[in-house]
Amino acid sequence: TALVDMYAKGGMVEKAREVFDKLPERDIVCWNALIFGYAQYGLLDEASNCLRQMNDEAIAPDAVTFACIVRACGNAESLKIGERIHNEVHKRGLLEKDIVLNTTLVDMYIKCGVLKKAREVFEQLQTHDVVAWRTLISGYAQNGLSDEAFYCFRRMKDDGLSPDAIIFICILKICGSSGSLEIGEEVHGDVNKQGLLEKDAMLATTLVDMYAKCGVLVKAQEVFDAIHLQDVASWNSLMAGYAQLGQARKLLDLFYKMVSEGIAPDLLSFHVLLIACSHAGLVKEGQIMFTDMHFLYNLFPGSEHYTCMVDLFSRAGHFGEAKNLVGKVHSSDRLPLLLSLLGACQKWVEVEVAKWVFSQTLELDETCGLAYICMANIYAAAGMHAEA
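This one's a predicted model, so the numbers in the text were calculated from it and none came from an experiment.

Thresholds, definitions, all that
Residues numbered from 1 in each chain as written. Predicted model: local features only at pLDDT ≥ 70, side-chain atom pairs only at ≥ 80, totals over all residues. Heavy atoms only, no water. Helix = DSSP H or I, 4+ residues; strand = E, 2+ residues; numbered from the N terminus. Buried < 20%, exposed > 50% of the residue type's maximum accessible area, 1.4 Å probe, protein only. Contact = heavy atoms within 4.5 Å. Lys, Arg positive; Asp, Glu negative; His and termini not counted. Charge placed at Lys NZ, Arg CZ, Asp CG, Glu CD. Salt bridge = Lys/Arg side-chain N within 4 Å of Asp/Glu carboxyl O. Phe/Tyr/Trp six-rings, centres within 6.5 Å; stacked < 30°, edge-to-face > 60°. Axes fitted to C-alpha atoms, helices over the stretch in contact; angles between N-to-C directions. Parallel < 35°, antiparallel > 145°, perpendicular 65-115°, else oblique. Left-handed = near helix turned anticlockwise from the far one by under 90°. Nonpolar A, V, L, I, M, F, W, Y, C, P; charged D, E, K, R; others polar. Polar contact = N/O pair within 3.5 Å; in protein donor to acceptor, adjacent residues only side chain to side chain. Expected span 1.5 Å × (residues − 1). Core = buried A, V, L, I, M, F, W, Y, C linked by side-chain atoms within 4.5 Å.

Caption draft 1: Region of the structure containing the overall build of the protein chain. Of the regular secondary structure elements, the protein chain holds 23 helices and zero strands. Here the C-alpha coordinates of the protein chain stretch approximately 80 × 50 × 40 Å along the principal axes. Counting across all 388 residues of the protein chain, residues that qualify as buried make up 46%. Within the protein chain, contacts between residues at least 6 apart in sequence are counted, and of these 59% link residues at least 24 apart. Seen as two clouds, the 35 positive and the 50 negative side-chain charges of the protein chain have centres 1 Å apart.

Here is the structure:
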């Protein structure tokens, strides 16, 4: 059984099954070890077959068995089987006794997108531990339901439970995306009381990100400066805040300071930089950054970096350089670049370049409504009303 468990948890489920099949006798513990392996990799059919075989061998599944099957349903997003298992455990009276099984059901319904049902199962729990609250709150956070997540966060605290780092991270992410600074500051206070900032780098980075997205850069910088080990993620969060407020020069200073402290930038670092350079019209600086990505830092630009560069060149009216970059990107990634270039043509009333961009766009997607609208606007601005 220990061998089955080792192979299953290590991802070698075929080997686990091989050992399992050689056993002269198989008890519930051994079955659960195998089913757990199938469940964690979303192999729902195999896990369900195990349940049928157990019934054939007159071995009654327990709460652990059902929790594993439910986990597999969640990973495979199979609501139908998950509901069937839910009915089964309800009939057996297992829900009232096992908080792990209940929490796994909540998680399964969240992964299947049925948050109302997840909440119903959650409310049936006689007691709620931190794991159960974390499951529900993170589900609301992932689905952008900020009010529900905030409500659960406050209710959890009212029940006398202290949120953990993962819950704080979920709430802070929502605060950043929704601009809920007051709640973010409340979380910051709770985090300080628990002394978590010194222990969890991701939590500290998320706090920097929250303040940056809320436009409170002084506070973001304060938290950033207090981080003992500043990694590229925390630098990126701070730089994104300065980029959001259009402080491109400050952003460039931060970038060079990061590099001077021995922190290697990543693809996100350059994406933030190129967006800021584009919006600030810093063509030369943007070109240097784009070139340095590969030659200095051995990073290969993605389509988002090319889109930024096309936007940078076309905003400045450098259409030749922009067209040249479009040609270097694979056709499957080219549409955002073309639309960016077409938008710039509209700004500059650049008809000839726009014709080329329009034809290239239609080759990729002849139903692209935005392209037709832009082209019509360009013709109208140029006084070519028949073409418009």
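Caption draft 2: The arrangement of the pattern of salt bridges in detail. According to the stated counting rule, one finds 19 salt bridges in the structure shown. Here R26 ties to E57 by a salt bridge, and the two come within 2.9 Å at their closest N and O atoms. Taken together, the residues span a long stretch of sequence, with R26 in the loop between α2 (13-21) and α3 (28-40) and E57 in the loop between α4 (44-56) and α5 (63-76) at a distance of 31 residues. You can call R26 partly exposed: its relative accessible area is 21%.

Caption draft 3: Examining the packing of aromatic side chains more closely. Here the structure, examined in full by the defined rule, presents 10 aromatic pairs. Seen from their ring centres, F290 and Y306 are 5.3 Å apart, and the 75° between their planes marks the pair as edge-to-face. Placement of F290 in helix α18 (residues 283-295) and of Y306 in helix α19 (residues 303-315) is noted, with a sequence separation of 16 residues between them. Judged by relative accessible area, F290 falls into the buried class, the value being 14%. We classify Y306 as buried; its relative accessible area is 16%.

Caption draft 4: Structural view of the packing of helix α17 (residues 267-280) against α18. Interaxial distance between α17 and α18 falls to 9 Å at its minimum, and their mutual angle equals 165°. With respect to each other, α17 and α18 are oriented roughly antiparallel. Where α17 crosses over α18, the handedness of that crossing is left-handed. Residues L267, F270, L273, L274 and C277 of α17 pack against E285, G286, M289, F290 and M293 of α18. Residue composition of the contact of α17 with α18, grouped by class: eight nonpolar, one polar and one charged.

Caption draft 5: Representation of unusual backbone geometry in the model. In the Ramachandran plot, E77 falls in the positive-phi region, its phi being about 55° despite a non-glycine side chain. You can call E77 exposed: its relative accessible area is 57%. For V349, which is not a glycine, the phi torsion comes out positive at approximately 50°. By secondary structure assignment, the location of V349 is in the loop between α21 (335-348) and α22 (351-364). Exposure remark for V349: the relative accessible area of 34% places this residue in the partly exposed category.

Caption draft 6: Region of interest: the side chain of Q230. Within the element layout of this structure, Q230 appears in the loop between α14 (217-226) and α15 (232-244). A polar atom in the side chain of Q230 sits 2.9 Å from the backbone oxygen of F224. Ignoring any residue separated from it by four or fewer positions in sequence, one finds Q230 in contact with F224, D225, W235, E261 and I263.

Caption draft 7: Local environment of helix α6 (residues 79-91). Along its 13 residues, α6 runs 18 Å from first to last C-alpha, staying within 8% of the 18 Å computed at 1.5 Å per residue. On its buried side, α6 packs onto α4, α5, α7 (99-111) and α8 (115-123). Backbone geometry just downstream of α6 places G93 in the positive-phi region, at approximately 70°.

Caption draft 8: Focus on the nonpolar core. Within the largest apolar cluster, 132 residues are counted, with the highest numbers of intra-cluster contacts made by I137 and I171. Ranked by the residues each element gives to this core, the list is headed by helix α11 (residues 165-178), at nine residues. If sequence neighbours within four positions are ignored, I137 has contacts with A149, C152, F153, M156, I167, C170 and I171.

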